[in-house]
Amino acid sequence: VKQIDEFHLADASIYDILERIKSSYGSNLIMKVTGDASGWAREKATFNLTNMYDIIQKELKLTDYQIDTPRVNPDLKWSRTLVNYCLKHKDVMINPKCTYTIADLTQCVAKDDSTIDKKQGNLSHHLDGFKYLFTTYFADELNN
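Another point: the nonpolar core. In this structure, I14, L18, I21, L29, V33, Y53, I55, I56, L60, L62 and I67 together form the largest nonpolar core, which totals 11 residues. Not counting residues within four places of it along the chain, the set of residues in contact with L60 comprises L18, I21, K22, S27, L29 and M31. Judged by nonpolar contacts, the second largest core, of six residues, contains V83, F130, F134 and F138.

And the structure:
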């Protein structure tokens, strides 16, 4: 697994993030999208009451196959164990310019209820994306 880039825009809309992706990598991307199940929720503030994944798919010209997201979020404790296992046993490389992801991985702390302690400000958002990558594509690792 190689993380080559990250995008961090404060107070940005989904369209702002997608514009940054397109301006950095073009609009004919070979990619898969994974993420939080809440992205499937209908958004009242968007055109035609669509959801975030529909917007991503339309704006980046992706196929249904390229949207690979859960309908229900994975258990927090299990996903934390999986990410820690993969970081220890898989070949994971993170570009040093991905400073927000690195900060999340080195500074986020789990509370007793398995949620992330968010007292340290803007941590955890990049960890979320990292977590969904592993829970989507490496879930069987803990079963083997």
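And the narrative resumes.
Turning next to the environment of V72. Tracing the backbone through its elements, the reader meets V72 in the loop between α2 (52-60) and α3 (76-89). Since its relative accessible area comes to 66%, V72 is described here as exposed. Between the C-alpha atom of V72 and that of N95, which follows or precedes it by 23 residues, the distance is 30 Å.

Another point: the packing of aromatic side chains. Counting across every chain of the model gives four aromatic pairs. Ring centres of W40 and Y53 lie 5.0 Å apart, and the angle between their planes is 50 degrees; on these two criteria the pair is classed as tilted. On the criterion of sequence distance, the pair formed by W40 in the loop between α1 (14-25) and α2 and Y53 in helix α2 is long-range, its members being 13 residues apart. When its relative accessible area of 6% is taken as the criterion, Y53 is described as buried. A connected cluster of aromatic rings, assembled from ring pairs, spans F130, F134 and F138. One Lys or Arg, K32, reaches over the ring of Y65 and ends 3.4 Å from the middle of that ring. Looking at R71, its charged tip hangs above the ring of W40, at a distance of 3.6 Å from the centre.

Parameters and conventions
Residues numbered from 1 in each chain as written. Predicted model: local features only at pLDDT ≥ 70, side-chain atom pairs only at ≥ 80, totals over all residues. Heavy atoms only, no water. Core = buried A, V, L, I, M, F, W, Y, C linked by side-chain atoms within 4.5 Å. Buried < 20%, exposed > 50% of the residue type's maximum accessible area, 1.4 Å probe, protein only. Contact = heavy atoms within 4.5 Å. Helix = DSSP H or I, 4+ residues; strand = E, 2+ residues; numbered from the N terminus. Phe/Tyr/Trp six-rings, centres within 6.5 Å; stacked < 30°, edge-to-face > 60°. Lys NZ or Arg CZ within 6 Å of the ring centre and 35° of its normal.

Coordinates in, geometry out; function isn't part of it.
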